Number of protein chains: 4
Amino acid sequence: MPQISLADLNAAGKADFVAALANVVEYSPWIAEKLAEQRPFAGINQLHTALMAAIQSAEPDVQLVLIRAHPDLANKTQRAAGLTAESTDEQNSAGLDRLSDAEYAAFERVNSAYRDKFGFPYIVCVRRHTKDSVLRDFETRLRNIAKTETRRAIEEIGRISALRLDQLVIADDKLKVHGRLSTHVLDNHAGKPASGIAVELIELANLGASRVIARTVTNADGRTDQPLIGGRPLPIGRYELRFSIGKYYAERGVQTPDPPFLDEIPLRFAISEPEGHYHVPLLVTPWSYSTYRGS
Amino acid sequence: MPQISLADLNAAGKADFVAALANVVEYSPWIAEKLAEQRPFAGINQLHTALMAAIQSAEPDVQLVLIRAHPDLANKTQRAAGLTAESTDEQNSAGLDRLSDAEYAAFERVNSAYRDKFGFPYIVCVRRHTKDSVLRDFETRLRNIAKTETRRAIEEIGRISALRLDQLVIADDKLKVHGRLSTHVLDNHAGKPASGIAVELIELANLGASRVIARTVTNADGRTDQPLIGGRPLPIGRYELRFSIGKYYAERGVQTPDPPFLDEIPLRFAISEPEGHYHVPLLVTPWSYSTYRGS
Amino acid sequence: MPQISLADLNAAGKADFVAALANVVEYSPWIAEKLAEQRPFAGINQLHTALMAAIQSAEPDVQLVLIRAHPDLANKTQRAAGLTAESTDEQNSAGLDRLSDAEYAAFERVNSAYRDKFGFPYIVCVRRHTKDSVLRDFETRLRNIAKTETRRAIEEIGRISALRLDQLVIADDKLKVHGRLSTHVLDNHAGKPASGIAVELIELANLGASRVIARTVTNADGRTDQPLIGGRPLPIGRYELRFSIGKYYAERGVQTPDPPFLDEIPLRFAISEPEGHYHVPLLVTPWSYSTYRGS
Amino acid sequence: MPQISLADLNAAGKADFVAALANVVEYSPWIAEKLAEQRPFAGINQLHTALMAAIQSAEPDVQLVLIRAHPDLANKTQRAAGLTAESTDEQNSAGLDRLSDAEYAAFERVNSAYRDKFGFPYIVCVRRHTKDSVLRDFETRLRNIAKTETRRAIEEIGRISALRLDQLVIADDKLKVHGRLSTHVLDNHAGKPASGIAVELIELANLGASRVIARTVTNADGRTDQPLIGGRPLPIGRYELRFSIGKYYAERGVQTPDPPFLDEIPLRFAISEPEGHYHVPLLVTPWSYSTYRGS
């Protein structure tokens, strides 16, 4: 996606400014028009704050139009008719393009129930979610009253627009929209970082199949060269890290029984803070291991 | 199964003695006849040692007849024709009565290969094994020379007969034929044993499906009232313990995020010593856990 | 000390009964006289409950005489004049016979302050304390009102008499007056209990010098043959366990640097429940260790 | 100390170059003279390698003069007569300026024994040592043959000169002469870094008194703003870290007994690699803790 600097946005003609921000909030150029007059912005956080103020100070009926401009999640007909490129990417990031028929049916059921109750589509920042957590969120929010859901919808539009701005605009400051999942393997048998350990990250699913979302190998410091998840929000959900420990000790000539007491070690945990830092290390010997939420 | 005391065995008439021990070694009453003359036995260990000495001092052709008297593993035709009750129980204990067609095929392949190479059936003490470890053992032993396999077959007959004696004869001493798998959950958040934790033990399988082999709940001391496996050899294989930690902390009112960082904790390990004691404890908080091979 | 069975106490003449229990409560035969009439006692717990009921139902002035019959703690003049054998043993158990001049001065100061404020001596069950914890308790209780201290004094007389009964009377049931301190060393480098580890238990002192109160060696199961403290209350106080790990690994030929990263490992902890079970294990490799309050 | 850039050293007149490096090796300007002709040096590592080559390729009698130009350790007479500023600083860094009379006597004894045996002073890079480890090194090396000690003396001169160059010369590359000791406290009870924990680092001494060499407080990430030791070699020796855990949990309102099970936690370890990175973290709850050599 082409990016634009905040300086250029501040200096642009009004029409160019509005065009540049066209897709930050779905089908709602009036927001960008309002922001154009408040320039210059000192940073991207100030820009996003102004955007949210514009939405929050709008009349209720204008807010409702804004909310209704959003597509349903995982709706086949709408997908066929064409979503904005941003919506498509976001829905795909949570796997909503890979739903089985049964899963489609589940989403359609909640979508309809939600529309029937509130008169507007369920809006959620899907980049912060897995399929499972979207469905759980759906069920929780379906129990709310309409006023709460209007507020929640605007909150989610805020999160969606923040992520879109983060991808679009180059600025000196950063929006706090990314999380980080990292690991570290310490070999307490040798008193050293454990390098060369194969690591897999699996996203566990109630709905549909679990799937490997990262495969890597620990480096000389027992860490991975890249975070397991980084540069984006951490999708709320359940995960499993798997470490090939048996192979590691076998290659180092450490005597272990056949089969080894520990071979592939699974660490199962959940992420609830998409913008948080989750450090999930493994301290290991051929006979013991520990993990904890680190920092 | 009816049991008999060692004292009664020592005092019995020869015919009764031979009848009582008839099924300790498959179709080989000559062993019991030899043992009858060596009475009285001071203990069950002495009895078993004499049994093994009888086999080991027999002529090679007698040993071969003994070995050939054993059935194939997981052989449908032989099962239909009828195995000894002991063989049936033992084969079932390792799940050989629950094989899929593909698994039967796998067993038949190795059975035939083994018979073709050595001229006698593959003998293994199946109570010390899972389906997976039997197949691995098979493949390892298939690479041996005939002399080694004659020795290995007699060793396995020794283990089978020891377990049969252990079930049949009541004596003051015990044969060392049982292992023990136990656990213990310590709540390091509260500084107390964790009671009321649901625990599952799963036998993991490459061949066919993994299955839950024990379900229990920790008691006031954080232990289980009965060992997870006890009173028998521990089948060589891979296992997973699962502990419902999320529910435990939720019930105690400990504040955790939604979803909780730790919910169901899996500990995956292998057993390689069927007569060993495996203590696999869990030290846990809502944010960390450790395990180790304990004692 | 000679012991007597509960059956014999139940059957004894009144004078013998009173004589047998003479020193269970200091200089107060009236209590035993009262108990004599309530015989037979089904167990030692019932006997002690009756004893406490006798004291608690006595008139306030009788209670005061009882309280005043107790000696001061660590009072040189009274010790010279002669305490009951029981009081002497108890005071010595907390090291009150080994006070430096400065410590005597500290005890005399609080003794006098207490007597001045309440008109009776400070009573505490010293077997449940170290010198440090007695002084802390003293300071806390000095801030109470007289009514509270009368109640507290009777509580402590209850604990003292329970311990004296426990030593004197043989019964089928047990008073819950003993605690237990134990340890266990697991070698996570080898996956086995660590046997042959030298262990020291030190009572840490603010007042005066810390001192080694137990020296032992771990057995084949990584435990000590006897509890580190057992068969008595655990004195409230601060402790340090020291484990000679460097020597253990050196003797087993495990390669470690010079000097080894871990050599003597100190675990420092406090005991606050004299009748509790404190299990303080050590999980260790040459490069790591853990401890926790176990069970 | 004034510093000079490598570029300036490369460009300097020969006399200035020799003067600048005058004190890198004690009283031996011939080395700098030799190096002057090999300029320019691409980096500080190349400069130090050339310096060591100059010494190693010198005639044995020249090497001996160089070795004999070094002072005795902890020699009162020599200190009174005046050491080079560099020697004084280095000896003080290991506490050799704070020796008791008994310690002086110990050093004089080994100094004399060493001089008597080898005919030259014992040379060691004291910045890599504590008093205790110097004495241990002394005793080990006293058992060597002269040839070994000539080699060892030159090695130590190499280490001393590397540290002096590191302080004197500004270059783009760095000599690998520094180590780092760091810690990190994770609160596994709260699932967060433990901030605000008071930490002390004690250098433990056999010879003379142990002393606190750093006092600090953990920051928001549970780490210390500065490494506990950094920017210099880590002195070989035994250390204890002390963490005030009781106060930390009390301030956070976590319920603990009185006295708390864990209050001040000591971690005792040794450093054997002066140029290594020692990370010694603490994972803690009110009821448990772990440590390990991390990275």
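Preceding block: the structure.
Reference entry: report on the structure contained in this document. (Residues numbered from 1 in each chain as written. Chains lettered and ligands numbered in written order. Predicted model: local features only at pLDDT ≥ 70, side-chain atom pairs only at ≥ 80, totals over all residues. Heavy atoms only, no water.)

### Remarks on the overall build of chain A
When helices and strands are tallied, chain A shows 11 helices and 13 strands. Taking all contacts inside chain A whose residues are at least 6 apart in sequence as the whole, residues at least 24 apart take part in 69%. Within the structure as shown, chain A displays about 12600 Å² of accessible surface, and the carbon and sulfur contribution to it stands at 51%. Measuring between centres, the 35 positive side-chain charges of chain A sit 3 Å from its 37 negative side-chain charges. (Helix = DSSP H or I, 4+ residues; strand = E, 2+ residues; numbered from the N terminus. Contact = heavy atoms within 4.5 Å. Areas by Shrake-Rupley, 256 points an atom, 1.4 Å probe, with all protein chains shown as cover. Lys, Arg positive; Asp, Glu negative; His and termini not counted. Charge placed at Lys NZ, Arg CZ, Asp CG, Glu CD.)

### Here we look at the interface of chain B and chain A
Contact with chain B, which involves 27 residues of that partner, is made by 27 residues of chain A. Across the chain B to chain A interface the summed buried area is about 2300 Å²; carbon plus sulfur atoms make up 56%. On the chain B side of the interface with chain A, the three residues burying the most area are Phe261(B), Arg268(B) and Tyr289(B), jointly 30% of the side's total. Joining chain B to chain A, the criterion identifies six salt bridges. Residues Glu240(B) and Arg268(A) are paired through a salt bridge, measuring 3.8 Å at the closest nitrogen-oxygen approach. Our count for the contact surface shared by chain B and chain A stands at 11 residue pairs in polar contact (both at pLDDT 80 or more). Of all the elements in the fold, those that place two or more residues in the side of chain B that touches chain A are strand 9 (237–244), strand 10 (264–271) and strand 13 (288–292) of chain B. With seven residues, the single largest contributor to the side of chain B that touches chain A is strand 10 of chain B. Here the side of chain B that touches chain A is composed, by residue class, of 16 nonpolar, four polar and seven charged. Summarising the sheet, strand 13 (residues 288–292) of chain A and strand 13 of chain B pair through five bridges and their orientation is antiparallel. (Buried area = accessible area lost by both parts, 1.4 Å probe. Salt bridge = Lys/Arg side-chain N within 4 Å of Asp/Glu carboxyl O. Polar contact = N/O pair within 3.5 Å; in protein donor to acceptor, adjacent residues only side chain to side chain. Nonpolar A, V, L, I, M, F, W, Y, C, P; charged D, E, K, R; others polar. Pairing = 2+ DSSP bridges.)

### Quick notes on the sheet that holds strand 11 (residues 277–279) of chain C
Residue and element names in this part refer to chain C. In spatial order, the strands read 8-3-11; together these three strands make up an open sheet with mixed pairing. Every interior strand has two partners, whereas the edge strands, strand 8 (229–232) and strand 11, have only one. Sheet twist, expressed as the average angle between the axes of neighbouring strands with direction ignored, equals 10 degrees. Of the strand pairs in this sheet, strand 3 (residues 179–182) and strand 11 are connected by three bridges, and their pairing is parallel. The residue of strand 11 that forms the bridge with Leu181 is Tyr278. (Axes fitted to C-alpha atoms, helices over the stretch in contact; angles between N-to-C directions.)

### What about the relation of the copies chain B and chain A?
Take chain B, turn it by 180 degrees, move it 0.0 Å along the axis, and it overlays chain A with an RMSD of 0.1 Å. These values place the two chain copies in the arrangement generated by a two-fold rotation axis. Nearest to the rotation axis, the C-alpha of Ser290(B) is located 2.0 Å from it, this being the minimum over chain B. Looking at the interface residues of chain B, 100% of them are also at the interface in chain A, so both copies use one shared face. (Least-squares fit on C-alpha atoms with pLDDT ≥ 70 in both.)

### Considering the interface of chain C and chain B
The interface of chain C with chain B comprises 12 residues on the first partner and 12 residues on the second. Buried area between chain C and chain B, summed over both chains or domains, comes out near 880 Å², and the portion from carbon and sulfur atoms is 53%. Viewed at the interface, chain B and chain C are joined by zero salt bridges. Where chain C packs against chain B, one counts seven residue pairs in polar contact (both at pLDDT 80 or more). When the residues that make up the side of chain C that touches chain B are grouped by side-chain class, the tally is four nonpolar, five polar and three charged.

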